[in-house]
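Next come the chains, spelled out residue by residue.
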Amino acid sequence: STSLLPMLTGLSALAIRSVGRLPGNLASELQGLGYHTVSYESFSGVSRRLLPKVHATKMGFDQLMHTKGSEAIGAEIAETIRARSEGKPLFFYAHLPEPHAHYERHPGFDFGASSRGRYTSEVAFVDAQLGALIDALRDMGRLDETILIVTADHGEAFFEHGVMAHGTTVYEE
């Protein structure tokens with residue numbers, strides 16, 4: 001995705017292309033300070049990994065993890081944090097692109113078969129996974145020492161302003 005590297009580096013896609021290499025970023029800086037750095041990516045709703053292995057390793061991630069089609073993402077993330085956080089501070093980047101075309105209906109989150117219904121199912125699924133992660137961090141006694149940043153690289157349009165999907169316009173919704 002054109003927006004992921006800028007989100008991780010703080011530079012525009014144009015600036016990254018003009019540099020000709022991957023610039024420093026939060027993961028590489030924290031790695032240099034002794035953090036164990038982990039990149040976790042779920043890609044059940046998309047056909048390919050969004051942060052290719054070559055980019056992730058060059059960006060300062062010690063460990064690369066991914067799943068496809070898991071219904072227990074939040075628990076998997078929490079287990080990785082539990083296993084990897086002993087003795088070393090941890091930077092954990094998780095990319096959950098499920099609210100992304102081609103939308104899927106997730107068990108327990110059925111809002112119908114329309115595109116909007118499947119999209120809503122994906123949003124509800126990711127929300128539940130974030131809830132499971134927060135619960136696990138609380139159970140581990142780590143929630144108060146954790147900074148959790150939730151962001152998105154784009155939204156989706158359902159014919160608002162005559163647009164379907166994403167990538168060609170910038171509107172508030």
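Residues numbered from 1 in each chain as written. Predicted model: local features only at pLDDT ≥ 70, side-chain atom pairs only at ≥ 80, totals over all residues. Heavy atoms only, no water.

Caption draft 1: Layout of the nonpolar core. Counting residues in hydrophobic clusters, the biggest one holds 14 residues, and the most contacted among them are Tyr 40, Ile 73, Ile 77, Ile 81, Phe 92, Leu 96 and Leu 133. For this core, the elements supplying multiple residues, two or more each, are strand 1 (36-42), helix 5 (73-84), strand 3 (90-95) and helix 6 (115-139). When residues in this core are grouped by element, the largest group, 5 residues, is from helix 6. The residues contacting Tyr 40, other than those within four sequence positions of it, are Met 65, Thr 67, Ile 73, Glu 76, Ile 77, Phe 92, Tyr 93, Ala 94, His 95 and Leu 96. (Core = buried A, V, L, I, M, F, W, Y, C linked by side-chain atoms within 4.5 Å. Buried < 20%, exposed > 50% of the residue type's maximum accessible area, 1.4 Å probe, protein only. Helix = DSSP H or I, 4+ residues; strand = E, 2+ residues; numbered from the N terminus. Contact = heavy atoms within 4.5 Å.)

Caption draft 2: Main features of the sheet that holds strand 3. Strands sit in the order 2-1-3 across an open sheet of 3 strands; the sheet is parallel. The outermost strands of the open sheet, each flanked by one partner alone, are strand 2 (63-67) and strand 3. Strand-to-strand, the axes of this sheet are offset by a mean angle of 15 degrees, without reference to chain direction. Bridging between strand 1 and strand 3 involves 6 bridges; their strand directions are parallel. Looking at the pairing, Glu 41 lines up with His 95 of strand 3. (Pairing = 2+ DSSP bridges. Axes fitted to C-alpha atoms, helices over the stretch in contact; angles between N-to-C directions.)

Caption draft 3: Spatial organisation of the environment of Met 140. Within the secondary structure, Met 140 is located in the loop between helix 6 and strand 4 (157-158). A residue is classified by how much of its surface remains accessible, and Met 140, at 22% relative accessible area, is partly exposed. Residues Met 140 and Arg 82 lie 58 residues apart in sequence; the distance between their C-alpha atoms is 7.7 Å. With sequence-adjacent residues up to four places away left out, Met 140 is seen in contact with Ala 78, Ile 81 and Arg 82.

Caption draft 4: Geometry of the packing of aromatic side chains. Taken as a whole and assessed by the stated rule, the structure comprises 5 aromatic pairs. An angle of 20 degrees between the planes, with centres 6.2 Å apart, marks the rings of Phe 61 and Phe 91 as stacked. Taken together, the residues Phe 61 in the loop between helix 4 (53-58) and strand 2 and Phe 91 in strand 3 connect sequence positions 30 residues apart. Each member of the pair Phe 61 and Phe 91 is classed as buried. (Phe/Tyr/Trp six-rings, centres within 6.5 Å; stacked < 30°, edge-to-face > 60°.)

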